[in-house]
Amino acid sequence: FSEEELADLGEEKDSHVPDTAQEVAPRHARQSKGKFSSKVDAVSRGEDGCEWSVRKSSANSLDSLAMLVQGKDLLPIFLPLVNQLLKHKQWLRRESGVLALGAVAGGCASGIKEHLESLFALLIKGSNDERSAIRRITCWTLSR
């Protein structure tokens, strides 16, 4: 996250506050004239207004790498690292692990199947996290 995004997320835990529809929507979807529009569509129309961050670029690179190698060489290295991140005490580390897992999900779908039971258990736990940022990215990852 950029420093501005981190400031928007705040330091306090927010599990006691109900999520709004705008908070539940993925970050790439934005409210626009009463409808959610795709971030990709907004970029193509020049209406984005949001710059690429290291976080976004890293996720995009992981997605491209996973599509290229189809997971066969990536998963043995990737999964132990992601498992550590998903269990980490620091919420930013947990969030980065969930984002990374979602980023490779499409390209590594066939290889990741045998790990779904343990990954789903960690992701379900993440969907109940005290931080809305982790709940959001977990829902996105589960959808992948």
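Every chain's residues receive numbers from 1 upward, in the order its sequence appears when written. Per-residue local features of the predicted model are confined to residues with pLDDT of at least 70, and side-chain atom pairs are confined, for both listing and counting, to 80 or more; whole-chain, interface and lining totals are unaffected and use all residues. Based on all heavy atoms of the structure, the side-chain values leave hydrogens and waters out of the count.

1. Details of a nonpolar patch on the surface
The cut-off we apply is this: Each patch groups residues whose relative accessible area exceeds 30% and which form no salt bridge, using 9 Å between like charges and 5 Å between nonpolar side chains of Val, Leu, Ile, Met, Phe, Trp and Tyr. To measure how exposed things are, a 1.4 Å probe is used in the Shrake-Rupley method; for residues, cover is taken only from the protein chains shown. What makes a salt bridge here is a side-chain nitrogen of Lys or Arg within 4 Å of a carboxyl oxygen of Asp or Glu, nothing more. Runs of H or I in DSSP of at least four residues are treated as helices and runs of E of at least two as strands, each being numbered from the N terminus. Throughout, exposure labels follow a simple rule: accessible area from a 1.4 Å probe, protein chains only, divided by the maximum for the residue type, with under 20% read as buried, over 50% as exposed, and the rest as partly exposed.
Taken together, the side chains of Leu-116, Phe-120 and Ile-124 define a hydrophobic patch exposed on the protein surface, amounting to about 250 Å² of accessible area. With respect to the secondary-structure elements, Phe-120 resides in helix α8 (residues 116–126). With relative accessibility at 39%, the residue Phe-120 sits in the partly exposed group.

2. A few points about the nonpolar core
To be explicit about the condition: We define the nonpolar core as a collection of buried residues of types Ala, Val, Leu, Ile, Met, Phe, Trp, Tyr and Cys that are connected through side-chain atoms lying within 4.5 Å of one another. Only heavy atoms matter for contacts: two residues are in contact if any of them lie within 4.5 Å across the pair.
Core analysis: the largest hydrophobic core is formed by 20 residues, its most contacted members being Phe-78, Leu-86 and Leu-101. At the level of secondary structure, the elements contributing two or more residues to this core comprise α4 (54–69), α5 (75–86), α6 (91–105) and α8. Examining the composition of this core, we find that 6 residues originate from one element, α6, more than from any other. Those residues in contact with Phe-78 that lie beyond four places of it in its chain are Leu-62, Ala-100, Leu-101 and Val-104.

So, to be careful, I would describe these as geometric facts and stop short of saying anything about function.
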